[in-house]
Structures are given as C-alpha cells and as structure tokens.
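Coordinate inspection notes
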Amino acid sequence: MKSSFSFADRSAVADRRTLRVTPQRRAVLRALEELGCAQDVEAIHARARSFLPRIGRVTVYRTLGLLQAQGLVEALHLGDGRTRYELARHHHHHMVCLRCGTLEALEACAIEPLEALARSRGFRITAHRVELFGYCAGCQG
Ligand SMILES: [Zn+2]
Ligand SMILES: [Zn+2]
Ligand SMILES: [Zn+2]
C-alpha cells in the first residue's frame, strides 16, 4: 500500500499534540495500515513483530487502546466475542460471511436519514455502527 506515509504523518501530528512518538505506536499503526479491515489482536501483534520483533502482545493491546482513545483506531464487535481493530481512516461499513468468516468493506453509508430523524428529536449522535451478516457468493447453496 502506498498510503502508509499519510498515516505516519497523521500519527506524528497526534503524537505531538498528546503523546510521545514511540516505536510501539508506529509498529501498531503500520501493522493496521498493511492488514486492512477488522483485525484481531493476534494478527496485529504478528504483523507488528515484523517491524519491532520484541513488541509484546500486552503492549500491542495497550497501544490499540491509546490509539482508540485518540480516535485513530476503531474497535469492532462482530458478535463472536473477539474485538477487532482497524484504522479510523474513513467512514465505512462491512459485510461478514457467517460461514467462512470473510469480511468485506462497504464504502457506502445509508444511515443519514436515520441520523436526521434522531437529530430532529434532539438526540446528539456521536457514532453509528452497521454491519451486514449473511453468506458470501462462494458460501451460498
Ligand atoms: Zn473496515
Ligand atoms: Zn463465505
Ligand atoms: Zn455509516
């Protein structure tokens, strides 16, 4: 992927504002950048170790929490009890296959009318989540 520099820059800006730049944070952000959507801690840890061999699982977990608090990373809960993480790069949704477990990004969002309705009732929206569950083309029939 060619866009890793934009993320390095973005995290550097966040670092100057709130936290120190650490090799751990860089390794985790780079792992997320390369892995793409919805990765579990094991996968992120494995990839981060290719940049920073001595990084531990607990450090990866803690770093993900910090990045999440800064709004750079989002946590996803897909109903199987495992928390997955991805970069909060652009707003999108997912479709998840219940048989083979593949997860695909859906770049469209159709929630605006619902948000407008909620706002019209005085509700202040901070986030929304929509994931579609079902069977991918290869898993039907
Ligand atoms: Zn995603
Ligand atoms: Zn499938
Ligand atoms: Zn949306």
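Residues numbered from 1 in each chain as written. Chains lettered and ligands numbered in written order. Predicted model: local features only at pLDDT ≥ 70, side-chain atom pairs only at ≥ 80, totals over all residues.

Examining the nonpolar core
Here is the rule: Linking buried Ala, Val, Leu, Ile, Met, Phe, Trp, Tyr and Cys residues through C-beta atoms within 7 Å yields a set, and such a set is a nonpolar core. Buried residues are those with 20 or more other C-beta atoms within 10 Å of their own C-beta, exposed residues have 12 or fewer, and partly exposed residues lie in between; C-beta atoms are placed from the backbone. Under the DSSP-based scheme used, a helix requires at least four consecutive residues in state H or I and a strand at least two consecutive residues in state E, with every element numbered from the N terminus. Residues are treated as contacting if the C-beta atoms built from their backbones sit within 7 Å of each other.
Counting 14 residues, the largest nonpolar core has Val-28, Leu-32, Ile-44 and Val-73 as its most contacted members. At the level of secondary structure, the elements contributing two or more residues to this core comprise helix H2 (23-35), helix H3 (41-51), helix H4 (57-69) and strand S3 (83-87). Once you skip the residues sitting within four places of it in the chain, Val-73 turns out to touch Leu-32, Leu-64, Leu-67, Gln-68, Tyr-85, Leu-87 and Ala-88.

A closer look at the packing of H3 against H4
Under the convention used in this document: Lines fitted to C-alpha atoms define the axes, with helix axes restricted to the stretch in contact, and inter-axis angles between N-to-C directions lie between 0 and 180 degrees. Note that the term roughly parallel is reserved for angles under 35 degrees, roughly antiparallel for angles over 145, roughly perpendicular for angles of 65 to 115, and oblique for everything else. Gly counts as polar in this scheme, as do all residues outside two lists: the nonpolar Ala, Val, Leu, Ile, Met, Phe, Trp, Tyr, Cys and Pro, and the charged Asp, Glu, Lys and Arg.
Running from N to C, H3 and H4 cross one another at 110°; their axes reach a closest spacing of 10 Å. Judged by the inter-axis angle, H3 sits roughly perpendicular to H4. Side by side, H3 and H4 meet where Val-41, Ile-44, His-45 and Ala-48 of the first sit next to Arg-57, Val-60 and Tyr-61 of the second. Taken together, the residues of the contact of H3 with H4 sort by class into 5 nonpolar, 1 polar and 1 charged.

So, the sheet that holds strand S1 (residues 39-40)
Under the convention used in this document: Pairing between strands requires that DSSP locate at least two bridges from one strand to the other.
Spatial strand order, S1-S3-S2: 3 strands in an open sheet with antiparallel pairing. Here the strands that pair on one side only, and so sit at the sheet edges, are S1 and strand S2 (73-77). Its contacts with the sheet put H4 on S2 and S3, and the angle it makes with S2 is roughly 110°.

Looking at the sheet that holds strand S5 (residues 103-106)
In space, the 3 strands of this open sheet follow the order S5-S4-S6, with mixed pairing throughout. Only two strands of the sheet have a single neighbouring strand rather than two, namely S5 and strand S6 (131-134). Between one strand and the next, the sheet's axes are offset by a mean angle of 20°, whatever the strand orientation. In this sheet, S5 lies alongside strand S4 (residues 93-97) in antiparallel orientation, the contact comprising 4 bridges. When the bridges of S5 are listed, Val-96 appears paired with Leu-103.

Overview of H3
Let me state the cut-off plainly: When we speak of the arc, we mean the arc of directions from the helix axis to the C-beta atoms.
Where H3 is concerned, the buried positions are Ile-44, His-45 and Ala-48. For H3, the arc enclosing every buried residue in end-on projection is 100°, short of the 170-degree limit, so these residues lie on one face. Exposed residues on H3 whose side chains face more than 90 degrees from its buried face are Glu-42 and Ser-50. Contacts made by the buried residues of H3 are with H2, S1, H4 and S3.

Regarding the packing of H2 against H4
Each packed pair of helices is defined by two parameters, the angle between the axes and the distance between the axes. Contact pair H2 / H4: the axes reach a minimum separation of 10 Å and the direction vectors enclose 80°. Accordingly, the angle class assigned to the pair H2 and H4 is roughly perpendicular. Contact residues: Gln-24, Arg-25, Val-28 and Leu-29 in H2; Thr-59, Val-60, Thr-63, Leu-64 and Leu-67 in H4. Taken together, the residues of the contact of H2 with H4 break down into 5 nonpolar, 3 polar and 1 charged.

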